[in-house]
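Okay, here's what each chain looks like letter by letter:
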Amino acid sequence: MTDQQHKSRSTEAFFGRRKGKPLRERQAEGLASLLPELTLDLESEPPRDLADLFPLPVESIRLEIGFGGGEHLIHRAVESPSVGFIGIEPFVNSMAKLLSRVDDLGLKNVRVYDDDATQVLDWMPEASVDRIDLLYPDPWPKRKHWKRRFVSAVNLDRFHRVLKPGGQFLFASDIDTYVNWTLAHCRDHHGFEWTAEQSSDWLTPFAGWPGTRYENKARREGRSSAYLTFDKI
Ligand SMILES: C[S@@+](CC[C@H](N)C(=O)[O-])C[C@H]1O[C@@H](n2cnc3c(N)ncnc32)[C@H](O)[C@@H]1O
């Protein structure tokens, strides 16, 4: 990718809020002390093996884009201590909440980044990630905003570049038009194969699924979800 493409692509995907209510004292302290320690330094060269980002040995690398309240990321990090997790979330309050949980639980297998995920994807070496989770991305339900959706041809190119052979892209959403949008974009990309063979495959949550805050809200409002798994081909 040229520098020019890199710049234009790096800024196109984040349209959300970066700050909400003032942070509680403990969260502000956690952010000030833990964020510098755990955030990725995109100014430095990435290690060829992303496992080297973690202080303890990890066997595989997962990326969670837009972790929101962080409940899913924390659940997975506790469940799989030998997996290295990289969580990305530009919303400051969410990052503060996640870091305080990481601190409380003493997790050593979590690294973070507090800005647009496209920057991390462009920094990562080719074929360095085992799995990408994009769970309830901002839905942008109005047609005129669809081009803001994280799933796009250029971002699927990014996913395809960083995923290892045999790597997977997992997507969940409660917005029908976004589910169809993602299926169509992955089909047209030709680098991903949807693994579903029957409807229960996309109606059933992913294995060990703890739910997410956004999913709970969708349920309260009467919307069901689709869970899509794509293999990199
Ligand atoms: C609808 S929320 C879902 C949060 C969480 N995954 C859940 O299910 O509860 C989408 C999240 O994606 C984050 N986000 C939006 N654009 C992003 C980007 N370009 N890079 C990383 N995160 C992004 C937002 O800040 C927001 O927290």
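Residues numbered from 1 in each chain as written. Predicted model: local features only at pLDDT ≥ 70, side-chain atom pairs only at ≥ 80, totals over all residues. Heavy atoms only, no water.

(A) Spotlight on the site of the ligand. Neighbouring residues of the ligand: 18 residues in total, closest G66, E89, L135, T212 and Y214. E89 places a side-chain nitrogen or oxygen 2.6 Å from an oxygen atom of the ligand. Burial of the ligand by the protein amounts to 90% of the accessible area it has alone, namely 600 Å². Put simply, the ligand lies in the largest pocket. Taken together, the residues that form the shell around the ligand break down as 11 nonpolar, three polar and four charged. (Near = heavy atom within 4 Å. Polar contact = N/O pair within 3.5 Å; in protein donor to acceptor, adjacent residues only side chain to side chain. Areas by Shrake-Rupley, 256 points an atom, 1.4 Å probe, with all protein chains shown as cover. 1 Å grid on protein atoms, 1.4 Å probe; cavity = no way out; pocket = protein on both sides within 12 Å on 5 of 7 lines; lining within 4 Å. Sits in = over half its atoms within 2 Å of the grid points. Nonpolar A, V, L, I, M, F, W, Y, C, P; charged D, E, K, R; others polar.)

(B) Structural view of the pattern of salt bridges. Applying the stated rule across the entire model yields 13 salt bridges. Between D115 and R18 there is a salt bridge whose closest N-O contact spans 3.2 Å. Note that D115 is positioned in the loop between β3 (110-113) and α5 (117-123) and R18 in the loop between α1 (3-10) and α2 (25-38), a separation of 97 residues in sequence. For D130, the salt bridge identified is with K164, shortest N-O distance 2.9 Å. Of this pair, D130 sits in strand β4 (residues 129-135) while K164 sits in strand β5 (residues 163-173), and the two are 34 residues apart along the sequence. Under the relative-accessibility criterion, D130 is labelled partly exposed at 24%. Given the relative accessible area of 24%, K164 is considered partly exposed. Ionic contacts of the salt-bridge type, sharing partners, join the residues D174, K217, E221 and R223 into one network. (Salt bridge = Lys/Arg side-chain N within 4 Å of Asp/Glu carboxyl O. Helix = DSSP H or I, 4+ residues; strand = E, 2+ residues; numbered from the N terminus. Buried < 20%, exposed > 50% of the residue type's maximum accessible area, 1.4 Å probe, protein only.)

(C) How the structure looks around the pairing of strand β2 (residues 83-88). Within β2, six of the six residues are buried, which leaves the element mostly enclosed by the surrounding structure. Taking every second residue as pointing to the same face, both faces of β2 are buried, with V83, F85 and G87 on one and G84, I86 and I88 on the other. Bridge analysis of strand β1 (residues 60-65) against β2 gives six bridges, and the strand direction is parallel. Bridge pairing links I65 to I88 in β2. Read as a crossover between parallel neighbours, the route from β1 over helix α3 (residues 71-79) to β2 is right-handed. Summarising the sheet, β2 and β3 pair through four bridges and their orientation is parallel. Looking at β3, one finds that F85 is bridged to V110. (Pairing = 2+ DSSP bridges. Right-handed = clockwise from strand over helix to strand, strands pointing away.)

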